[in-house]
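# Residue-level structure breakdown
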Amino acid sequence: MILTITMNPSIDISYPLETFKLDTVNRVKEVRKTAGGKGLNVTRILKQLDAEVIASGLIGGFLGEEIKKDLDQTRIAHDFLPISGETRNCIAILHEGQQTEILESGPVISEEEASAFLEHFGKLAAKADIISFSGSLPEGLPIDFYSQMLQVCQPKPVVLDCSGAALTAVLKEDVKPKLIKPNTEELAGLLGRSVLNDVEELKAVLSEPMFTGIEWIVVSMGGDGAFAKHFDKFYRVTIPKIEVVNPVGSGDATVAGLTAAIEAGLSDEAVLKQGNVLGMLNAQEATTGHVNLANYQILFDQINIEEIG
């Protein structure tokens, strides 16, 4: 069973517009609203792969109840801890080939709620084969909360997709996730300098002491594919060009693919191919967290995995 964690879920609202005009009225004909947050995007993709998955995290208020209804309608199992605050909205405006996001910060979590969640999480983690943590931490939680969760669930393997101070805090502790998935911008933030999509530079960066103890590091490079390190092996992932319809959630789809492949014990090549295929399939769909698996094998066969010596 795969357990997905979304600490700061949302109702994701997508507004597609031909043009986005400031300081005036913009009328939207097609509005899409889904239970969102990075972890729930991961969950939906896993469900489409027929994986056994349970979603958890923190939800509260009217929007929290709407998230549960949305998951129930798609028959996704869930076991969230209720909180006193109100779950947030996140808005994506898709216009002229660009994506402008308006993200609410979400509820403030109390110390009592944080402690209650760690206990709740520990019980769920005991039943899981692999766990996925995705997204930002809500206000009120300490920046090392993911590290605390890693302590609670060890030795279960964890796929962690977060950035900034929360990721830095994890890298400083002894208990590490099995996999992290930063992009080059997030790597630059960790190192305090720019990082290029250059094979030799990425090899050097991923060999930095801060990444010691992490089995898998998969660096997303958008249309340029990915670069990965598994133990002491490095891989360059080259992907085909595709028509992007909606890129929202593609990184989460990649996380879902990586997580399911690792749970299944697949080869390095298959792990990297499955992750990248699902990311591309998500980008080809208008609905966030949705893939057309009929196109899976076509893209899978076009991905090239090269081991870098």
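The model shown is predicted, which means the values in this text are computed figures rather than measured ones.

## What to know about the overall build of the protein chain
When its secondary structure is counted, the protein chain shows ten helices and 15 strands. Relative to the compact-globule value of 19 Å for 309 residues, the protein chain shows a C-alpha radius of gyration of 19 Å, a close match. Principal-axis analysis of the C-alpha atoms gives the protein chain an extent of 55 × 45 × 40 Å. Per-residue burial for the protein chain yields a buried fraction of 54% across its 309 residues. Here the protein chain has roughly 14000 Å² of accessible surface; of this, 49% comes from carbon and sulfur atoms.

## Some thoughts on the pattern of salt bridges
Overall, the coordinates contain ten salt bridges when judged by the stated rule. Note that R193 is salt-bridged to E201, the shortest N-O span being 3.4 Å.

## Structural notes on the UniProt feature "domain: Carbohydrate kinase PfkB" (unreviewed entry) in the protein chain
Per the UniProt record, "domain: Carbohydrate kinase PfkB" (unreviewed entry) is annotated on residues 7-289. Secondary structure across residues 7-289 divides into 36% helix and 23% strand, with the first and last C-alpha atoms of the span separated by 18 Å.

## Some details on the pairing of strand β2 (residues 10-17)
Most of β2 is tucked away, with six of its eight residues classed as buried. With eight bridges connecting them, β2 and strand β7 (residues 88-95) associate as parallel partners. Residue P16 lies in a different strand from β7, and its bridge partner there is L94.

## So, the packing of aromatic side chains
For the structure on display, the rule yields six aromatic pairs. Ring centres of F133 and Y146 lie 5.5 Å apart, and the angle between their planes is 15 degrees; this geometry places the pair in the stacked category. Remark: Y146 occurs in helix α4 (residues 145-153) and F133 occurs in strand β9 (residues 130-134); sequence separation between them is 13 residues. Under the relative-accessibility criterion, F133 is labelled buried at 0%.

## Description of the side chain of N41
Mapped onto the elements, N41 comes out in helix α1 (residues 38-48). Here N41 falls in the buried class, since its relative accessible area comes to 3%. Every residue in contact with N41, bar those within four places of it in the chain, is listed here: D12, A35, G36, G249, D252 and T288.

## Comments concerning the sheet that holds β7
Ordered by their spatial adjacency, four strands build an open sheet running β3-β2-β7-β8, and the pairing between neighbours is mixed. This sheet does not close on itself; its edge strands, each paired only once, are β3 (32-36) and β8 (98-103). Here the average twist between neighbouring strands, direction ignored, is 20 degrees. α1 contacts β2 and β3 of the sheet and is inclined by roughly 95 degrees relative to β3.

## Notes on the state of the cysteines
Covalently bonding the sulfur atom of one cysteine to the sulfur atom of another cysteine gives a disulfide. One pass over the structure, following the stated rule, counts zero disulfides. The closest cysteine sulfur to the non-disulfide-bonded C90 is located on C162, 17 Å from its own sulfur. Note on C153: no disulfide assigned, nearest cysteine sulfur contributed by C162 at a separation of 13 Å. We classify C153 as buried; its relative accessible area is 3%.

## A short note on unusual backbone geometry
Geometrically, the link from Q154 to P155 is a cis peptide bond, its omega value of 5 degrees lying close to zero. On the secondary structure map, P155 appears in the loop between α4 and β10 (158-161). Here the phi dihedral of D23 falls at roughly 60 degrees; this positive angle occurs in a residue that is not glycine. Relative to the assigned elements, D23 resides in the loop between β2 and β3. What makes D23 exposed here is its relative accessible area of 82%. At F231, a residue that is not glycine, the phi angle is positive and equals roughly 55 degrees.

## With respect to the side chain of R88
Tracing the sequence through the fold places R88 in strand β7. Despite being buried, R88 has no salt bridge partner; D12 is the closest side chain of opposite charge, sitting 6.5 Å away. Engagement of the side chain of R88 in a polar contact is seen with the backbone oxygen of P9, the distance being 3.4 Å. Here the side chain of R88 touches E104 through a polar contact of 3.1 Å, landing on its backbone oxygen. Those residues within four positions of R88 in sequence are excluded, and the remaining contacts are N8, P9, S10, I11, L63, E104, S105, G106 and S136.

## Looking at the packing of helix α6 (residues 184-191) against helix α7 (residues 199-206)
Packing of α6 against α7 leaves a shortest axis separation of 12 Å and a crossing angle of 50 degrees. Relative to α7, the element α6 lies oblique. The element α6 and its partner α7 pack so that their crossing is left-handed. Between α6 and α7, the contacting residues are T184, L187 and L191 on the first element and L202, V205 and L206 on the second. A class-by-class count of the residues in the contact of α6 with α7 yields five nonpolar, one polar and no charged.

Rules used in this analysis
- One numbering rule holds for all chains: residues counted from 1, following each sequence as written.
- Under the rules for a predicted model, residues below a pLDDT of 70 receive no local features and side-chain atom pairs below 80 are neither given nor counted, while totals for whole chains, interfaces and linings still include all residues.
- The basis for the side-chain values is all heavy atoms of the structure; hydrogens and waters are excluded.
- Each helix corresponds to a stretch of at least 4 residues labelled H or I by DSSP, and each strand to a stretch of at least 2 residues labelled E; elements are numbered beginning at the N terminus.
- Every radius of gyration here is taken over C-alpha atoms, with the globule rule written as 2.2 Å times N^0.38, N being the number of residues.
- Burial classification: accessible surface area is computed with a 1.4 Å probe over protein chains only, and a residue below 20% of its type maximum counts as buried, one above 50% as exposed, and the rest as partly exposed.
- Computed with the Shrake-Rupley method and a 1.4 Å probe, the accessible areas treat only the protein chains shown as cover for residues.
- Just to be clear on terms, a salt bridge is a Lys or Arg side-chain nitrogen sitting within 4 Å of an Asp or Glu carboxyl oxygen.
- UniProt positions are given in the numbering used here, feature names are shortened, and annotations may be inferred rather than shown by experiment.
- Strand pairing requires that DSSP identify at least two bridges connecting the strands.
- For Phe, Tyr and Trp, rings pair up if their centres lie within 6.5 Å, where Trp contributes its six-membered ring, and each pair is then called stacked (planes under 30 degrees apart), edge-to-face (over 60) or tilted (otherwise).
- By the convention used here, residues are in contact when the closest approach between their heavy atoms is within 4.5 Å.
- To get an axis, fit a line to the C-alpha atoms, keeping to the stretch in contact for a helix; angles then go from 0 to 180 degrees between the N-to-C directions.
- The disulfide criterion is simple: two cysteine sulfur atoms within 2.5 Å.
- In this count, Lys and Arg are taken as positive residues and Asp and Glu as negative ones, while His and the chain termini are left out.
- We define a polar contact as two N or O atoms separated by no more than 3.5 Å, with the added condition that, inside protein, one atom must be a possible hydrogen donor and the other a possible acceptor, whereas residues neighbouring each other in sequence contribute only through side-chain atom pairs.
- Working rule for angles: under 35 degrees goes down as roughly parallel, over 145 as roughly antiparallel, 65 to 115 as roughly perpendicular, anything else as oblique.
- Working rule for handedness: look at the near helix, and if it is turned counterclockwise from the far one by less than a right angle, call the crossing left-handed; if clockwise, right-handed.
- Classification convention: Asp, Glu, Lys, Arg as charged; Ala, Val, Leu, Ile, Met, Phe, Trp, Tyr, Cys, Pro as nonpolar; all other residues, Gly among them, as polar.

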